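An overview of the molecular structure
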Amino acid sequence: MLPSAANLPLGLYRIAPRVPKLRLSCTTPAGVQMWPTIMHALNPFEGNIFAGSHLDRAGNARRDPAWLATQLGDPAARFLPLWQLKAPIHAKPTPRLNWLSGAQAQESLTSANAILLGIDKEQVPHFAFDAESEGDTTPFANLQYEEVRSIAPSIARGDASLLAQARSLIDWHRRHGFCAVCGAPTRMAGAGYVRRCTSTGCGVQHFPRTDPVVIMMIVHGERCLVGRQRWFPNGFYSTLAGFMEPGESIEEAVRREVWEEASIEVGEVRYHSSQPWPYPSSLMIGCVGEATTDNIVVDQHELDDARWVDRDVVRRAIDQVTAKSFDPFTKTGPRDEPGEFELLVPAPMAIAHQLMRSWVYPDGR
Ligand SMILES: [Zn+2]
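Described below are features of the structure shown in this document. (Residues numbered from 1 in each chain as written. Predicted model: local features only at pLDDT ≥ 70, side-chain atom pairs only at ≥ 80, totals over all residues. Heavy atoms only, no water.)

Once that is clear, we can look at the coordination of the zinc ion. Protein coordination at the zinc ion: the donors are Cys179 (SG), Cys182 (SG), Cys197 (SG) and Cys202 (SG), at 2.3 to 2.4 Å from the metal. Sequence spacing of the donors to the zinc ion: C-x2-C-x14-C-x4-C. In this pair, Cys182 sits in the loop between α5 (157-175) and β10 (186-189) while Cys202 sits in the loop between β11 (194-197) and β12 (205-206), placing the two residues 20 residues apart along the sequence. For Cys182, a relative accessible area of 40% puts it in the partly exposed group. The exposure class of Cys202 is partly exposed, given its relative accessible area of 25%. (Donors = N, O, S within 2.8 Å, 3.2 Å for Na, K, Ca; no water. Helix = DSSP H or I, 4+ residues; strand = E, 2+ residues; numbered from the N terminus. Buried < 20%, exposed > 50% of the residue type's maximum accessible area, 1.4 Å probe, protein only.)

Another aspect to go through is the pattern of salt bridges. For side chains bearing opposite charge, pairing can occur when the charged atoms are close. Tallying each qualifying case throughout the model produces 14 salt bridges. Here Asp294 ties to Arg223 by a salt bridge, and the two come within 3.1 Å at their closest N and O atoms. Residue Asp294 is found in the loop between β17 (282-291) and β18 (305-310), and its partner Arg223 is found in strand β14 (residues 223-228); the two are separated by 71 residues along the sequence. Taking the shortest distance from any N to any O, the salt bridge between Arg256 and Glu260 comes out at 3.2 Å. Here Arg256 pairs with Glu260, and both are found in helix α6 (residues 250-262), just 4 residues apart, close to one helical turn. What you see here is one network of salt bridges that share partners, running through Glu245, Glu248, Arg256, Glu257 and Glu260. (Salt bridge = Lys/Arg side-chain N within 4 Å of Asp/Glu carboxyl O.)

Shown next as structure tokens:
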């Protein structure tokens, strides 16, 4: 299916310098034209893990307590308990989420702790809740749980997105039990998307936060800039990244972070894609930037090392980490075999991998 122009990452409009014989026009009134070479570059990229929910979040309806109560009482409703922020799963025959029925979950569920993830096309409501808050004696403690990061690449893309949504929201509720304005206790409201101060003199509403992070593939001709933190696995390098600051555009944040960490100046910055990253609530904003200088000076407070790497080296590293199907952060293979890799890069589940992949395989692979 062809994406509409409105969904296209902005920077990718510039990929196609060739003049094609055929162009595609968006069917919206805007009628934006898209070149075939652009579609060729985009189609192989199916989006980042943790993005791509198949549910309607019902953002307007969920404010109505009566509507929410009806959804909670729907016999078809499905409930996902997170235990210590881990995902309940059925491991076999293939990993999948272990959704509970209302009857199974009812001991712990009220409108005060059920978070609405959304409604599917069959109008089935899906909820998540914090099973740990009920204490170790609940039956939910006996289910099989996996770390969200470990299980996300193995389950359906839409379900991984729901895990990101559930994990970020539950973590936020845990950290925001008291009003930041007056210090009084807060309580969950709005199907899990609000915490309301319980003080009658205050009553402020608090909303879940998302922390934007820029992550950027910086290129200079046939080389790209990679860096490593001290805590990274041996031989592991990734694209540079950093939190955005208030009053800063995405482009400005990219240029500032690269300058601070490696003293490289960046000119043009293009958007690639984004990825929810629920640790606890980041949004990774993936960009590609053109370096205008190439003399690296590493900020030792920020990085252990930074270097330019040839495109061919990155291509081999991308192929290798994909073929071996491991995540350096959740498996031990690379540490056990330090000489195996010329360059160790992030696994496909990370947007850094996708940024590198789009550079070494511009036509998709
Ligand atoms: Zn308050």
